Amino acid sequence: MRLRNIPGSREVIAENRWCIPETEPTKGNWHSIFGNDHPIHIEIGMGKGQFILSLARQNPHINYVGIEKYSSVLLRGLQKIEEEPLENIRFIRMDAENICEMFDRDEVARIYLNFSDPWPKDRHAKRRLTSRQFLSLYQNILQSDGVVEFKTDNVDLFDFSLEEVKEAGWRLVAFTRDLHHDETMNQGNIMTEYEERFSAKGNPIHKLIAAR
């Protein structure tokens with residue numbers, strides 16, 4: 001059974017206290033939702049949640065929001081947090097295209113993009129989460145010193161992303177084509193489920209950090 005097709009997953013998500021409905025007026029209200037003024041970091045395409053949950057455990061002084069399009073994938077993250085509750089994390093089931101409807105200008109300090117869908121056909125380039133179109137959306141919600149961190153094992157997508165950072169007028173802070181052998185950029189690295197799988201196969205992991 002494919003994860004995205006598990007019956008009843010949307011109902012479970014709707015009733016879960018860690019999941020924020022897409023219809024809730026969150027824009028400009030995240031500090032009230034969390035009950036503090038800590039920085040807000042988001043992961044777009046959080047998958048089963050291993051990465052963002054690890055960050056939330058390690059950094060109680062930061063608020064995290066995990067965004068996932070597929071209900072049955074998000075369900076896995078909710079199952080994990082039920083086992084080990086954390087108050088500095090929330091989840092949203094939504095499409096990334098609607099990000100500016102959920103976050104206000106300057107409301108987000110950091111955005112994580114991990115092993116995003118490469119959308120390999122040229123006509124789908126705008127759908128890639130590192131396209132200049134999406135970078136424009138991120139610019140609307142990131143603080144002036146905010147950054148985007150992107151990891152992938154897909155060489156073509158990484159090359160595309162490097163070019164899009166430049167074309168969007170962003171600044172490339174750092175990048176590597178072999179993260180796990182880059183002593184500086186790998187410091188404190190938290191692996192996603194995909195990263196563990198691809199790395200075990202010997203695939204080098206690419207990473208970039210871009211700033212507005």
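Along each chain, residue indices are assigned from 1 in the same order as the chain's sequence is written. For this predicted model, a pLDDT threshold of at least 70 governs which residues receive local features, and a threshold of 80 or more governs which side-chain atom pairs are given and counted, while totals over whole chains, interfaces and linings are taken from all residues. Heavy atoms from the whole structure form the basis of all side-chain values; hydrogens and water molecules are not counted.

**Focus on the overall build of the chain**
- What counts as a helix is a DSSP run of H or I of at least four residues, what counts as a strand is a run of E of at least two, and both are numbered from the N terminus. Within the chain one finds eight helices and seven strands.
- Only C-alpha atoms enter the radius of gyration; for comparison, a globular chain is expected to reach 2.2 Å times N to the power 0.38, where N is the number of residues. For 212 residues, the compact-globule estimate of 2.2 N^0.38 gives 17 Å, and the C-alpha radius of gyration of the chain, at 16 Å, lies within 12% of that figure.
- Referenced to the eigenvectors of the C-alpha coordinate spread, the extents of the chain come out at roughly 40 × 40 × 35 Å.
- For the exposure calls, accessible area comes from a 1.4 Å probe over protein chains only, and a residue counts as buried if that area is under 20% of its type's maximum, exposed if over 50%, partly exposed in between. Within the chain, the fraction of its 212 residues that count as buried is 48%.
- Should any heavy atoms of two residues lie within 4.5 Å, those residues are considered in contact. Long-range pairs, those at least 24 residues apart, make up 76% of the contacts in the chain between residues at least 6 apart in sequence.
- Total accessible area computed for the chain in this model is approximately 10800 Å², and 46% of it derives from carbon and sulfur atoms.
- Counted charges follow a simple rule, with Lys and Arg positive, Asp and Glu negative, and His plus the chain ends left uncounted. A charged residue contributes its charge at one atom only: NZ of Lys, CZ of Arg, CG of Asp or CD of Glu. In the chain, the 28 positive side-chain charges and the 33 negative ones have mean positions that sit 5 Å from each other. What sets the accessible areas is the Shrake-Rupley method with a 1.4 Å probe; for residues, cover comes only from the shown protein chains.

**Some thoughts on the nonpolar core**
- Nonpolar cores were defined as sets of buried Ala, Val, Leu, Ile, Met, Phe, Trp, Tyr and Cys residues, with membership established by side-chain atoms within 4.5 Å. Formed by 35 residues in total, the largest nonpolar core has its most connected members in Ile 42, Ile 44, Val 65, Phe 103, Ile 111 and Tyr 138.
- Sequence-distant contacts of Ile 44, defined by excluding residues within four places in its chain, comprise Ile 67, Ala 96, Ile 99, Ile 111, Tyr 112, Leu 113, Leu 129 and Tyr 138.
- Core analysis: the next-biggest nonpolar cluster, separate from the first, contains 19 residues, Phe 51, Leu 74, Leu 78 and Ile 81 among them.

**Overview of the side chain of Ser 131**
- As for its placement among the helices and strands, Ser 131 is situated in the loop between strand E4 (108-114) and helix H6 (132-141).
- Residues adjacent in sequence count toward polar contacts only when both atoms are side-chain atoms; beyond that, a polar contact is any pair of N or O atoms within 3.5 Å, and within protein one must be able to donate a hydrogen and the other to accept it. Only 3.3 Å separates the side chain of Ser 131 from the backbone oxygen of Lys 126, close enough to count as a polar contact.

**What to know about the environment of Glu 43**
- On the secondary structure map, Glu 43 appears in strand E1 (residues 40-44).
- On the accessibility criterion, Glu 43 (1% relative accessible area) is buried.
- If we ignore the near neighbours within four places in the chain, the residues touching Glu 43 are Phe 51, Ile 52, Val 65, Gly 66, Ile 67, Tyr 112 and Asn 114.

**Quick look at unusual backbone geometry**
- A positive phi is found at Phe 115, a non-glycine position, where the angle reads about 55°.
- Relative to the assigned elements, Phe 115 resides in the loop between E4 and H6.
- Of note in this structure, Trp 119 is not a glycine but carries a positive phi near 40°.
- Mapped onto the elements of the fold, Trp 119 is located in the loop between E4 and H6.
- Residue Trp 119 is classed as partly exposed on the basis of its relative accessible area, which comes to 24%.

**Things to note about the environment of Ser 72**
- Inspection of the secondary structure puts Ser 72 in helix H4 (residues 71-83).
- Among the residues examined, Ser 72 registers a relative accessible area of 0% and is labelled buried.

**A short note on the pairing of strand E5 (residues 142-152)**
- With eight of eleven residues buried, E5 lies mostly within the body of the structure.
- As judged from the six bridges shared by E4 and E5, these two strands associate in the parallel manner. Among the inter-strand pairings, Asn 114 is bridged to a residue of E5, identified as Lys 151.
- In terms of handedness, the path from E4 via H6 over to E5 forms a crossover that is right-handed. When DSSP locates at least two bridges between a pair of strands, those strands are taken to pair. By convention a crossover is right-handed if, when the strands point away from the viewer, the path from the first strand over the helix to the second runs clockwise.

**Some details on H6**
- Every buried residue belonging to H6 is among Phe 134, Leu 135, Tyr 138 and Ile 141, and all of these are buried. On an axial view of H6, the arc spanned by its buried residues comes to 115°, and they lie on one face. The directions considered for the arc are those from the helix axis to the C-beta atoms.

**Structural notes on a negative patch on the surface**
- By definition, no residue in a patch forms a salt bridge, and every one has over 30% relative accessible area; like charges are joined within 9 Å, nonpolar side chains (Val, Leu, Ile, Met, Phe, Trp, Tyr) within 5 Å. By definition, a salt bridge exists where a carboxyl oxygen of Asp or Glu is found within 4 Å of a side-chain nitrogen of Lys or Arg. Taken together, the side chains of Glu 22, Asp 95, Glu 97 and Glu 101 make up a negatively charged region of the molecular surface.
- With respect to the element layout, Glu 22 can be found in the loop between helix H1 (9-15) and helix H2 (30-34).

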